[in-house]
Amino acid sequence: MTITQWFIFFLVLQVIHFAGTWKLYVKAGRKPWEALIPVYNAVVLMKIINRPWWWVILLFIPIINLIMFPVVWVETIRSYGKNSTADTWLAVLTLGLYIYYVNYALDVTYIKDRSLKPRTATGEWVSSILFAVVAATLVHTYFMQPFVIPTSSLEKTLLVGDFLFVSKFHYGARTPMTTVAFPMVHDTIPGIKTKSYLDKPQLPYFRLPALQDIKRNDIVVFNWPTDTVEQFFKITHRKIRKPIDKKSNYVKRCVGLPGDSLSIRDGYVFINGEQNKLPGRAKLQFSYYVQTTGELTPQYMYDRYGVTGRFGKVKEGVYFFSALTDEAASQLKDNPNVVKIQRNIDAEGSTRMSDVFPHDAEDYPWNQDQFGPLYVPAAGQTVTLSTKVLPLYKHIIERYEGNSIETRGDLILINGEVAENYTFKQDYYWMMGDNRHASEDSRFWGFVPADHIVGKPVFIWMSFDSNASGPFWNKIRWERVFTTVSGDDKPRSYLMYFLVAIGLWYGYSVYRKRKNSKS
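## Side note on the pairing of strand S7 (residues 261-265)
Inference 1: Bridge analysis of S7 against strand S14 (residues 371-375) gives 3 bridges, and the strand direction is antiparallel. The residue bridging Leu262 from the neighbouring strand is Leu374, located in S14.
Inference 2: When S7 meets strand S8 (residues 268-271), the two strands line up antiparallel, connected through 4 bridges. Each bridged residue has a counterpart across the sheet, and for Ile264 the counterpart in S8 is Val269.
Inference 3: Turn length for the S7-S8 hairpin, with the two strands adjacent in sequence and antiparallel, is 2 residues, and the turn residue Asp266 shows positive phi of about 55 degrees.

In structure tokens form, the structure reads like this:
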């Protein structure tokens, strides 16, 4: 829906509200016209139902308003003595239209100083749950979102089994675009494996002011731009184009910023002709073939070299490693059983990896290790178009910026008109994993639009190593618990400081409780 359509929809809602409540406003000592004025009518209604004015703000926050509207409907009829369970269900199941019946058909009396305490234990429990969900959804949407690392694409910096807090406010919290969705879940309702949202209506993209811009080499959480997979939905087996904010969450390192010229040589990223320097915690990894005179086992490689990537025997005496750092490869080379170690790099011009972006092996014979150069688009910048250049930016022009594209011989038509150039409407980023040969990243599906950015990982609150042996507590990476994500130095755990703070708070609480009991 466009902004104009949303505005018309909003005005229609005001008329519906006025028609169904104006007599109730009058019975509460207000004027009929007060039920018609947008926003003001909601503030007045909060006074009528004896609830705080800031509830009005919650009514305008997508997803949260799905919870708040039924609460307000129920609170409204209870302010006029309709407290039964049947009244409550009628208000909710009729989507608030039961208020019309109360407004026109019943002779009700306004209860000015009604008790706001739930009449039953069940009511109190439901009330507590609802507002806990509202508070959690607010935090989840605009401040911090929990996230778990599922793959090894950023191995050594972020490990499989790391549980993160992702900041929404560093890059500016993005307001929800999907208006009707199950709270506190992403694209799928757990257990029943079905969509957690309705595709329409959609709100326009909007982002709150940011604390900082995305910097080169920042680790970023974003919605996977080309996500049309739905293996999570057991009710369908066809491709569905998800709304932006319901696409799968990915986490990668931003190596290309808007306006950069980016290329990859032998797996190393070059920006504007200079090799990109990663921060100290980042460790590049590549796949290797290793020839030995003896047996190598996954457990031995994990215990001795910390190798956690895919590992297997190619043939007798030859092993393949999917992820080795330069340091681990050097140490492995010194092993007396190792005869030869060779990094697995695709040669320039090789199209063995034919699925790399832009999926045009004839004009762009690129692969995962030899790639580019290409321009990373910036908002307001213009590129000259040709049938050769078009594959690089077709998805941007057509899918991310909402235009139609047609080619007629050497002519390119955008929205039916011949176009020799194109000006980008938003910024784009190039995201890659540090584990170069075990990362599905921008090399395979292209640019990440600014409106797909979710947030910045800032804190690891738990880390669980499923490969470790022994009891549960042996599987916890204690040295990573309560550590920050960014930084050049070795991660430092703040767990002890947290435990000390909890101990002091608990001791102070006990002291105050005893002091109050004596007085």
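We are not done yet, so read on.
## As for the pattern of salt bridges
Inference 1: Per the stated rule, a full pass over the model turns up 14 salt bridges.
Inference 2: Arg443 is paired through a salt bridge with Asp441; the nearest N and O atoms lie 2.9 Å apart.
Inference 3: Linked by salt bridges that have partners in common, Asp162, Asp465, Arg477 and Arg480 make up one network.

## Brief notes about helix H4 (residues 64-78)
Inference 1: For H4, with 15 residues, the first-to-last C-alpha span of 22 Å sits near the 21 Å given by 1.5 Å per residue.
Inference 2: Most of H4 is tucked away: 11 of the 15 residues are buried.

## A few points about the sheet that holds strand S16 (residues 405-408)
Inference 1: Pairing in this open sheet of 3 strands is antiparallel, and the strands run S16-S17-S18 from one edge to the other. Each of the sheet's edge strands pairs with one partner strand only, and the pair in question is S16 and strand S18 (417-418).
Inference 2: By the bridge criterion, 2 bridges tie strand S17 (residues 411-414) to S18 in an arrangement that is antiparallel. Across the sheet, Leu413 pairs through a bridge with Val418, a residue of S18.
Inference 3: Packed on one face of the sheet, helix H10 (residues 390-400) meets S16 and S17 and runs near 145 degrees to S16.

The rules we used
- Residues numbered from 1 in each chain as written.
- Predicted model: local features only at pLDDT ≥ 70, side-chain atom pairs only at ≥ 80, totals over all residues.
- Heavy atoms only, no water.
- Pairing = 2+ DSSP bridges.
- Helix = DSSP H or I, 4+ residues; strand = E, 2+ residues; numbered from the N terminus.
- Salt bridge = Lys/Arg side-chain N within 4 Å of Asp/Glu carboxyl O.
- Expected span 1.5 Å × (residues − 1).
- Buried < 20%, exposed > 50% of the residue type's maximum accessible area, 1.4 Å probe, protein only.
- Contact = heavy atoms within 4.5 Å.
- Axes fitted to C-alpha atoms, helices over the stretch in contact; angles between N-to-C directions.

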